[in-house]
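A structural walkthrough
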Amino acid sequence: MDDLLKYLVNRARYLGANYADSRFHEVRTTLITAENGSLRSYESDLSKGVGIRVLLGGAWGIASSTILTKEALRQKVSEAVRLAKAAKKLSTTINLAKVKPIEATVELPVKTDPDVISPDVKIKVLLEANKAAIVGADIKNSSSRLGFLHDIRFFTSSEGTKVKTDVTTSGFSQVSVAAANGAMERVPEQRSQCAGYEFIEGGDWNSFAAEVSKLASKVVAAPMPPAGTYPAILDPDLIGLFLHEALGHASEGDLVTTKESVLDGRLGDSIADESVTVFDDGQIEGGYLVPFDDEGVPKTKTTILEKGRLKGFLLSRDTATELGLEPTGNARAQSFEHKPIVRMTNVYMQPGGLSFDELVKSVDHGFYIRGRGSLGGQVDVGGGTFTFRAGPSYLIEKGELKHMVRAVTLAGKVLETLKTIEAVGKDFTVTTSVFGGCGKDGQMAKVGDGGPHVRLGKLTIGGRTD
Amino acid sequence: MTEILTATETAVRLAMKKGFDEAEALSTKITRRDIIYRNFIEATKTNTIAGLSVRGVIDKRIGFFSVSSLDHKDIEYAAEQALKIAKANTEDPDWNSFPRRYGKASVEKVIDKKIEQLSAKDMVGEVRLAVDTVHEIDPSLAITRGYISTAVLSNAISNSHGCKLERKETIAVSWIAVKAGGTDERGVSHESSISRSWNGLKTARRAEEVSERAIKMVKAAPIPKGKMDTVWRNDTFGSVVDAMLTRTITADAVQRNRSPWAGKIGQAIASEQVSVIDEGKMTAGVGSRHFDDEGTPQKRTPVIEKGILRCFLYDNYTANREKRPSTGNAHRDVGGFSTPPNYMRPPIPYPNNLVVKPMSATPEEVIKETRKGLYIVETIGEWLSNPISGDLSATVASAFLIENGELGRAVKGVIVSANFFDMLKGRMDLRANDLENAGPVYAPTTQVLDMTVAGE
């Protein structure tokens, strides 16, 4: 494969490209779904493709294909060059920040390749957990999934960089639907790790699935919170999602160079409390492993916020040049066919010193917002508004946890909400997901996030009106 | 015979030879062209994808495997893997068979020759049109992100009952974000388009709308909490209906006890003013196809008719379970954001073009009629709502206050919520005549009474 990729970038240079790179991407995915005690589907896929990216006259020309013969790909090189030339009149000068060419391979060590475990073994584990989730007559639907992703990437550039990554991810997910008094509620939850089948073997999925159902049974009868603005404690599952939406996206270099991000022009400014330090790290335990990005740049640990000060952005080679900074290894592509764009890897907050009890005791009237059962979130980076949907959460009255609340939607403005972070807990978790990911510009990327328990002074919560 | 049809026939033959009782293969070829821009062009892209999946059944055990290739050895590998999975699978007592007859419905304007023959020059020209339109309105406006993407999608399907069919469609998608103002006071707006034809993108009109709104959004602020009447722009209301209905009105959701509509056929679930029809053959509809992803012709299916729940949406499997015909709603392209090519997934029922029936008023009349309220243009997070409990909430990214029936100051950053099941029963009975789609849902500009606003 290395030789073919090398041939393609040489060919592009011969046709006039100032710079060229070529990526081969092989993905094996397996998704097994059981529902209400029987197997629903077993989907498996093997995809391979090559993408060629050329820089010529200040614009990118990109061509890709799943047809992997030398002749077909040679044609694609010509197309990429032709496309870059066509854009000439309306293009600007894209300049890539200098990087030292490297040759490296990172393969995630895996004890058991999920592909060598026979389908019937996986089906048995899944069906057992799926049945274990039917904990009572009120559970109307139990849907369980096993997911496996084996992602292999080769990258070769005309500057001599040659890297290969090989990452396997495994996970289990459960969605339970409960009904009571004419109302229905669903609770989704998953656990994944960059690991082989040993991750599935090491987990008690029957208990995990049953717990999700018990939560669904409980939350279906819970009230909605009254709409308004409250102090809130976010748990480690949710603080990651919060930082991802409220800070991570706004720190993406492409959104900063276009001045779309509300963080444009604020490098060095204090935008949060001194207790807040946030990183983007491609190699944190529990997160999704990204040793290099799809421009062959090593993913370093990037400090976004240091003691409340905006310290850095997430950058590709061209956005680094535009901002006069060093690339951080955040140019990522969903697959061979996509253009690498600036993406997060694993965004998390550094823990502080407070215990969970101390955090709860400090809230007079507010909510303990939990990530378990959360559906995700979204941000309007330009407008600076973010939102996310929490899992079943709890009312806090006079420093004590009270009853459960359901359907908690939260929203805020990026800069205002960051300033309301008041206290940081001492626990710490980072997680990723084989099932989901982060969407941007029509591409999905595997990411992770996390942190400690954190108290916010003011967060808008949607709900009922009394 | 085309390459993709030959590949499916080869796959079915190989699968049967390996021991399946029944087999089906679906192949896809996609040629995509994209252009990514800001105030200038950043990248131009072309992409070819070809792939195939094999679905086979042995003793009522189903196997499925897909490969990104139409080569003989890869097809053989897919058939072998599918068989391995089927043999490990548990028996599905509800399995009947693959369709024994395919059919083609008459559907118009799903192929645009212009998209098939599109040149790089055409795409560059369209970007120039967008950039010029924005800057003619105000040279200080910045296009922060934009793309135009087109695809020619060819599919072939065949099965071991001797059925085979082919179809071809085109699609064009565009998206643009424009920013007005500086670092502190800023307004950003987005517009998107999806169409079967190149001209359907309406690039100049979208660029104009997004620019004018971005300027108004510079002064946007939240409003106090309370109850409020609202008017939703057509496509934004389409996203709401997408979040609240498309996954629960399928026979699959009903049969598996995750639909709140189970057991309610024939009952009034909405006011008489509400009809929701799946128009599988709509001219130029983004979900219109001659046949669905199992070879069944697409058709018109009333889901809610004058408030009465009439019919769920079926694919072959869910239809067989109830011994009734499929409604031609088998889809392999469900999944929302960045859905993989359809050959990679087995089918499930899903709407083709779900139309919320429009009324006769113009959108301006609906706003005028509302007197005092909120006109909601852009939201985020509406897809996080819960279609099973009916809890709907969306965070407003772009809206305008309605005062005395006129649009007033810009609003953003508040959460609006309601129970969708209650909304259906008389709180969304005033709708305009302007159908527009978001994903598979076509909706008109719609008034929604009495929503909860969580703001300052």
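These numbers were taken from a predicted model, which means no experiment stands behind them.

Details of the overall build of chain A
- Within chain A, the regular secondary structure consists of 10 helices and 26 strands.
- Against the 2.2 N^0.38 benchmark of 23 Å for 466 residues, chain A shows a C-alpha radius of gyration of 24 Å, consistent with a compact globule.
- Considered along the principal axes of its C-alpha atoms, chain A spans approximately 70 × 55 × 35 Å.
- Counting across all 466 residues of chain A, residues that qualify as buried make up 61%.

Observations concerning the overall build of chain B
- Scanning chain B from N- to C-terminus turns up 10 helices and 21 strands.
- In terms of C-alpha radius of gyration, chain B reaches 24 Å, essentially the compact-globule figure of 23 Å for 456 residues.
- Principal-axis analysis of the C-alpha atoms places the extent of chain B at approximately 70 × 55 × 35 Å.
- For chain B, the proportion of its 456 residues judged to be buried stands at 59%.

A few points about the interface of chain B and chain A
- Across the contact, 68 residues belong to chain B and 77 residues belong to chain A.
- For the side of chain B that touches chain A, the element with the most residues is strand E2 (residues 41-58) of chain B, which contributes 11 residues.
- Bridge count for strand E3 (residues 59-65) of chain A against E2 of chain B is 6 bridges, and the pairing is parallel. The residue bridging Gly-61 of chain A from the neighbouring strand is Thr-44 of chain B, located in E2 of chain B.

Some points on the sheet that holds strand E8 (residues 276-279) of chain B
All names here are of chain B.
- Spatial strand order, E10-E9-E8-E13-E20-E19: 6 strands in an open sheet with mixed pairing. With one partner strand each, in any of the chains shown, strand E10 (308-309) and strand E19 (436-438) form the two edges of the open sheet.
- With 3 bridges joining them, E19 and strand E20 (residues 441-443) adopt antiparallel strand pairing. Each residue of the ladder has a partner; that of Glu-436, found in E20, is Ala-443.

Looking at helix H5 (residues 203-217) of chain B
Residue and element names in this part refer to chain B.
- Here H5 spans 21 Å end to end across 15 residues, near enough to the 21 Å set by a 1.5 Å rise per residue.
- When H5 is considered as a whole, its buried residues turn out to be Thr-203, Arg-206, Ala-207, Val-210, Ser-211, Arg-213, Ala-214 and Met-217.
- Contacts made by the buried residues of H5 are with helix H4 (120-137), strand E5 (164-181), strand E6 (186-195), strand E14 (373-380), strand E15 (391-403) and strand E16 (406-411).

Some remarks on the nonpolar core
- Formed by 268 residues in total, the largest nonpolar core has its most connected members in Ala-12, Val-54, Ala-80 and Ile-369 of chain A together with Ala-11, Leu-52 and Ala-82 of chain B.
- The contacts of Ala-11 of chain B, once residues within four sequence positions are left out, are Ala-25, Leu-52, Val-54, Ile-75, Ala-78 and Ala-79 of chain B.

A word on the pairing of E3 of chain A
Residue and element names in this part refer to chain A.
- Most of E3 is tucked away: 7 of the 7 residues are buried.
- Alternating positions in E3 separate into two faces, Ala-59, Gly-61, Ala-63 and Ser-65 on one and Trp-60, Ile-62 and Ser-64 on the other, with burial throughout.
- Following strand E2 (residues 38-56), the chain reverses through 2 residues before pairing antiparallel with E3; Gly-57 in that reversal takes a positive phi of roughly 65°.

A few points about the domain arrangement of chain B
Residue and element names in this part refer to chain B.
- Considered domain by domain, chain B is made up of domain 1 (3-216) and domain 2 (220-456).
- With 39 residues of domain 1 in contact, the opposing surface of domain 2 contributes 29 residues.
- Within the residue set of the side of domain 1 that touches domain 2, elements represented by two or more residues are strand E1 (22-37), E2, strand E3 (61-67), strand E4 (142-159), E5, E6 and H5.
- Tallied by class, residues from the side of domain 1 that touches domain 2 come to 16 nonpolar, 13 polar and 10 charged.

What about the environment of Phe-24 of chain A?
Residue and element names in this part refer to chain A.
- By the element assignment, Phe-24 lies in strand E1 (residues 19-35).
- Put simply, Phe-24 and Gly-329 are 305 residues apart on the chain and 18 Å apart in space, counted from C-alpha to C-alpha.
- If sequence neighbours within four positions are ignored, Phe-24 has contacts with Met-1, Leu-5, Val-50, Phe-154 and Phe-336.

What about the pairing of strand E20 (residues 409-413) of chain A?
Residues and elements named next belong to chain A.
- The buried fraction of E20 amounts to 4 of the 5 residues, a majority that puts the element mostly inside the structure.
- Relative to E20, strand E17 (residues 385-389) is paired through 5 bridges, and the arrangement is antiparallel. The residue of E20 that forms the bridge with Thr-387 is Ala-411.
- Here E20 pairs with strand E26 (residues 454-462) via 3 bridges, running antiparallel. Looking at the pairing, Leu-410 lines up with Ile-461 of E26.

Overview of the domain arrangement of chain A
All names here are of chain A.
- Assigned domains of chain A: these are domain 1 (2-219) and domain 2 (228-462).
- Distance between the C-alpha centres of domain 1 and domain 2: 22 Å.
- Listed by partner, the interface residues are 42 residues for domain 1 and 28 residues for domain 2.
- Within the residue set of the side of domain 1 that touches domain 2, elements represented by two or more residues are E1, E2, E3, strand E5 (139-157), strand E6 (162-180), strand E7 (183-193) and helix H5 (205-219).
- Among the elements that line the side of domain 1 that touches domain 2, the one with the most residues is E6, at 7 residues.

Notes on the environment of Val-408 of chain A
Residues and elements named next belong to chain A.
- By the element assignment, Val-408 lies in the loop between strand E19 (400-405) and E20.
- Judged by C-beta crowding, with 27 C-beta atoms within 10 Å, Val-408 ranks as buried.
- In sequence terms Val-408 and Ser-393 are 15 residues apart; their C-alpha atoms lie 7.4 Å from each other.
- Here Val-408 is in contact with Pro-225, Ile-369, Ala-390, Ser-393 and Ile-461, once residues within four sequence places are set aside.

Description of the confidence of the model for chain B
- Chain-level pLDDT for chain B is 95 on average; 99% of the residues reach the 70-or-more range.
- Scored by ipTM, the complex comes to 0.91, with pTM at 0.93.

A look at unusual backbone geometry
- One non-glycine residue, Lys-398 of chain A, lies in positive phi territory at about 45°.
- As for its position among the elements, Lys-398 of chain A is in the loop between strand E18 (393-397) and E19.
- Unusually for a residue other than glycine, Arg-371 of chain B sits at a positive phi of about 60°.
- Look at Arg-371 of chain B and you get exposed, because 12 C-beta atoms sit within 10 Å.

Examining the environment of Lys-73 of chain B
- Checked against the element boundaries, Lys-73 of chain B lands in helix H2 (residues 72-88).
- Distance from Lys-73 of chain B to Pro-387 of chain B, taken between C-alpha atoms, is 44 Å for residues 314 residues apart in sequence.

Digging into the packing of H4 of chain B against H5 of chain B
All names here are of chain B.
- Interaxial distance between H4 and H5 falls to 9 Å at its minimum, and their mutual angle equals 35°. Two packed elements cross with a definite hand, and for H4 against H5 that hand is right-handed. Here H4 contributes Glu-126, Leu-129, Ala-130, Thr-133, Val-134 and Ile-137 to the contact with H5, which in turn contributes Thr-203, Ala-204, Ala-207, Glu-208, Ser-211 and Glu-212.

A closer look at helix H9 (residues 363-370) of chain B
Residues and elements named next belong to chain B.
- Within the sequence span of H9, burial applies to Val-366, Ile-367 and Thr-370. Down the axis of H9, the smallest arc covering the buried residues is 95°, so these residues share one side.
- Its buried side turned inward, H9 meets strand E7 (226-232), E14, E15, E16, strand E18 (430-431) and strand E21 (446-454).
- Two residues or fewer past H9, Arg-371 is found with a positive phi of approximately 60°.

Quick notes on the packing of helix H1 (residues 3-18) of chain B against H2 of chain B
Residues and elements named next belong to chain B.
- Where H1 meets H2, the closest approach of the two axes is 9 Å, and the angle between their N-to-C directions is 45°. With respect to H2, the element H1 is oriented oblique. Crossing geometry of H1 relative to H2 is assigned as right-handed. On H2, the residues that touch Ala-7, Thr-10, Ala-11, Leu-14, Ala-15 and Lys-18 of H1 are His-72, Ile-75, Glu-76, Ala-78, Ala-79, Glu-80, Ala-82 and Leu-83.
- Counted by class, the contact of H1 with H2 contains 9 nonpolar, 2 polar and 3 charged residues.

What counts, and at which threshold
Residues numbered from 1 in each chain as written. Chains lettered and ligands numbered in written order. Predicted model: local features only at pLDDT ≥ 70, side-chain atom pairs only at ≥ 80, totals over all residues. Helix = DSSP H or I, 4+ residues; strand = E, 2+ residues; numbered from the N terminus. Rg over C-alpha atoms; globule rule 2.2 N^0.38 Å. Buried ≥ 20, exposed ≤ 12 C-beta atoms within 10 Å, placed from the backbone. Contact = placed C-beta atoms within 7 Å. Pairing = 2+ DSSP bridges. Expected span 1.5 Å × (residues − 1). Core = buried A, V, L, I, M, F, W, Y, C linked by C-beta atoms within 7 Å. Domains from an automatic or database assignment. Nonpolar A, V, L, I, M, F, W, Y, C, P; charged D, E, K, R; others polar. pLDDT = per-residue confidence, 0-100. Axes fitted to C-alpha atoms, helices over the stretch in contact; angles between N-to-C directions. Left-handed = near helix turned anticlockwise from the far one by under 90°. Arc of directions from axis to C-beta. Parallel < 35°, antiparallel > 145°, perpendicular 65-115°, else oblique.

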